[in-house]
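Each chain, letter by letter, is given below.
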Amino acid sequence: MHTHDQYSADSLPILLAVPFILLFFLYLMAVVLSNQEKKRWPVYRVFAWSFGVLCAILSLIGPIADLAHTNLTAHMIGHVLLGMLAPLLMALGAPVTLLLRTINIPTARKLTNILRNSRPLHFVQHPIVAALLNIGGLWVLYTTDLFLMMHENMLLYVVIHIHIFLAGYIFTTSIIYVDLTLLRKSFLYRTVVFLFALAGHSVLAKYIYADPPSGVAIEQAELGSMIMYYGGDTVEVGLLIILFYQWYKKSRPTFNNGKEGFAISNNKKFTVAGTDIEEVKRLNANAGMSYREINEWFAQQQSKANTVTKKR
Amino acid sequence: MTNSISTSSDYKQNPHKKAYAKQNMWTGILFGLGIVAFIDEVVFHQLLHWHHFYDKSTTDIGLVSDGLFHAFSFIATIGASFLLADLHRRHAFWLKRWIGGILLGAGVFQLYDGIIQHKWMGLHQIRYGVDILPYDLLWNILAALMIIIGAILIYQTNKERKG
């Protein structure tokens, strides 16, 4: 198809996979450490994180990665793994929450403060910005000569692959909130942004079908584009189910405050740790009497009973 | 709403359905839209291979429209399923109105697909290598029928709600 530097292509992917292997072991260490002091960290998060890391590594080293240099179909499988599936699974691992509960409290407070006051982080966590970084980046990659250049330039290869993963991760966390979230938008808002991002992805996939990046054979472009189209769909269905399930849990009927109704809530108040204050109040209202209140109530009943017997 | 406790007979009658008339209709419309797109994809694209993934005559606007509807259709299907679950948990499900919504949504999408996307935007045809007219007629008449029946059901439930 085209020539590229065989030596650079061999050593580089391993370099890219190293951070993921490190992250995997750091995560496991944090789970073991924090479990000794705190409530047990959910096992499904460990599984999600592990499979996420595995997906990323599979796309960076091994047969798929090797083939991806010369074959757009393999490249697209790698793209779905690194840019979509790995970010989704790793986001479900809630790494920041895990980190915060592993380090000591003063350090955790400092870290949350830094994160909360970081303007760049707020900026990229905006769903629209995250979607543009993610889908916009893909458009630039596949509709310009960047794709061709990527396979000839080492540095470009590394930067683009880091971008694909990070943009995918930031986009995922800007749509579903499982970890520490700095900027919160309503469910409807996120759904609409997601709609356009997904449409952008589908349109790009079909565009590649008709207009493949330079140097790519037609048959490969056709199969690759279909993998991008349907593979992307599959991952996004998973993300959507999580998003709507979160809505479903959050919008459960409340009967005590007289505000029963169907509403997609917005403008909520949150604590530093992301606790929804109104939600806690509502749950408390539903929880019935507190221990103290029950004691008081018993005392009242008792005194009433006493007065009744006295009157007799 | 004064009480959260419903008796079993209340449950069968779905006492809150009139308060949630709008959600019943929209849940149906979204579900209908999603289902038609799903049938289109599975039956006509994957099983029969009548529709093509890409057609050389496709215009740019057709590609964008296809992408948007593709994304919208499965967001709608999954979203509508959760909205349906929400109606049930509120004892507010209204079968007739929901079906009216489905037919309306399905009909509108099929008509849009049949007239605007297939014909005007040239996305792809229903089938290739045959006389297309009967296919187009059946496709769009079916769509119109669904819209009419759906609209009647919605109209009837509207009257029930007010009456």
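Residues numbered from 1 in each chain as written. Chains lettered and ligands numbered in written order. Predicted model: local features only at pLDDT ≥ 70, side-chain atom pairs only at ≥ 80, totals over all residues.

Undergrad: Could you clarify how one ought to interpret the overall build of chain A in this entry?
TA: From N to C terminus, chain A includes 14 helices and zero strands. Counting from the amino terminus, chain A carries its helices and strands in the arrangement α-α-α-α-α-α-α-α-α-α-α-α-α-α. Taken over 312 residues, chain A has a buried fraction of 32%. In chain A, the proportion of contacts linking residues at least 24 apart, taken out of those at least 6 apart, comes to 76%. (Helix = DSSP H or I, 4+ residues; strand = E, 2+ residues; numbered from the N terminus. Buried ≥ 20, exposed ≤ 12 C-beta atoms within 10 Å, placed from the backbone. Contact = placed C-beta atoms within 7 Å.)

Undergrad: What is the right way to look at the overall build of chain B in this model?
TA: Check the secondary structure of chain B and you find five helices and zero strands. Secondary structure elements of chain B, listed N to C terminal, follow the sequence α-α-α-α-α. Counting the 163 residues in chain B, one finds 39% classified as buried. In chain B, 90% of the contacts between residues at least 6 apart in sequence involve partners at least 24 apart.

Undergrad: Please explain the domain arrangement of chain A as it appears in this structure.
TA: By convention, interface size is frequently given as the accessible area that disappears when the constituent parts associate. Domain boundaries assigned for chain A yield domain 1 (6–250) and domain 2 (277–311). Inter-centroid distance (C-alpha atoms) of domain 1 of chain A to domain 2 of chain A is 51 Å. (Domains from an automatic or database assignment.)

Undergrad: Looking at this structure, I do not really get the confidence of the model for chain A. What am I missing?
TA: Residues shown with low pLDDT carry predicted positions that ought not to be read at fine detail. Residue and element names in this part refer to chain A. When pLDDT is averaged across chain A, the result is 85; 87% of the residues are at 70 or more. Averaged over each element, pLDDT in chain A is lowest for helix H13 (residues 277–286) (72) and highest for helix H2 (residues 43–60) (95). This stretch, residues 1–8, has a pLDDT under 50; its non-local contacts, to residues over four places away or in other chains, come to eleven contacts. Scored below 50 in pLDDT, residues 256–267 makes 17 contacts in the model with residues more than four places away or belonging to other chains. (pLDDT = per-residue confidence, 0-100.)

Undergrad: Any chance you could explain the interface of chain A and chain B here in plain terms?
TA: On the side of chain B, 22 residues touch chain A, which itself brings 23 residues to the contact. Elements with a minimum of two residues in the side of chain A that touches chain B: helix H11 (187–210) and helix H12 (218–250) of chain A. The dominant element in the side of chain A that touches chain B, judged by the number of residues it contributes, is H11(A), at ten residues. For the side of chain A that touches chain B, the per-class residue count stands at 17 nonpolar, three polar and three charged. (Nonpolar A, V, L, I, M, F, W, Y, C, P; charged D, E, K, R; others polar.)

Undergrad: Is there a simple way to explain the environment of A:Pro212 in this structure?
TA: All names here are of chain A. Here proline 212 shows up in the loop between H11 and H12. Overall, the presence of 20 C-beta atoms within 10 Å leaves proline 212 in the buried class. Sequence separation of proline 212 and asparagine 117 is 95 residues, and the distance between their C-alpha atoms is 43 Å. Discounting residues that sit within four places of it in the chain, proline 212 has contacts with Leu72, Ile218 and Ala221.

Undergrad: Explanation requested: the packing of H11(A) against helix H3 (residues 60–89) of chain B in the structure shown.
TA: Axes are the key here: two packed helices are described by the angle between their axes and the distance separating the axes. Running from amino to carboxyl end, H11(A) crosses H3(B) at an angle of 130°, the nearest separation of the two axes being 8 Å. In terms of orientation, H11(A) lies oblique with respect to H3(B). Crossing angle aside, the handedness with which H11(A) passes H3(B) is right-handed. Residues A:Thr191, A:Leu195, A:Leu198, A:Ala199, A:Ser202, A:Val203, A:Lys206 and A:Tyr207 of H11(A) lie in contact with H3(B), whose contacting residues are B:Leu63, B:Val64, B:Gly67, B:Leu68, B:His70, B:Ala71, B:Phe72 and B:Ile75. Grouping the amino acids of the contact of H11(A) with H3(B) by side-chain chemistry returns eleven nonpolar, four polar and one charged. (Axes fitted to C-alpha atoms, helices over the stretch in contact; angles between N-to-C directions. Parallel < 35°, antiparallel > 145°, perpendicular 65-115°, else oblique. Left-handed = near helix turned anticlockwise from the far one by under 90°.)

Undergrad: Just to check I follow, could you spell out the nonpolar core for this structure?
TA: Ranked by internal contacts, the top residues of the largest apolar core, which has 100 residues, are A:Ala56, A:Val80, A:Leu81, A:Leu85, A:Ala86, A:Leu88 and B:Leu33. The leading source of residues in this core is helix H4 (residues 72–92) of chain A, at 15 residues. (Core = buried A, V, L, I, M, F, W, Y, C linked by C-beta atoms within 7 Å.)

Undergrad: Sorry, what's going on with unusual backbone geometry here?
TA: Comment: phi is negative for the bulk of residues other than glycine, and the bulk of peptide bonds are trans. Even without being a glycine, A:Ala94 presents a positive backbone phi close to 45°. As for its position among the elements, A:Ala94 is in the loop between H4 and helix H5 (95–102). Unusually for a residue other than glycine, B:His91 sits at a positive phi of about 50°. Along the polypeptide, B:His91 turns up in the loop between H3 and helix H4 (95–120).

Undergrad: For this particular structure, what's the right way to read H2(A)?
TA: Because the α-helix completes a turn every 3.6 residues, residues three or four places apart line up on one side. All names here are of chain A. Spanning 18 residues, H2 covers 26 Å between terminal C-alpha atoms, matching the ideal 26 Å at 1.5 Å per step. Within the sequence span of H2, burial applies to Trp49, Gly52, Val53, Cys55, Ala56, Ile57, Ser59 and Leu60. Where H2 terminates, the next one or two residues include glycine 62, which has phi positive at roughly 100°. (Expected span 1.5 Å × (residues − 1).)

Undergrad: What is the right way to look at the environment of A:Thr173 in this model?
TA: Note on placement: A:Thr173 falls in helix H10 (residues 154–175). When the C-alpha atoms of A:Thr173 and A:Leu100 are compared, they prove to be 17 Å apart, with 73 residues separating the residues in sequence.

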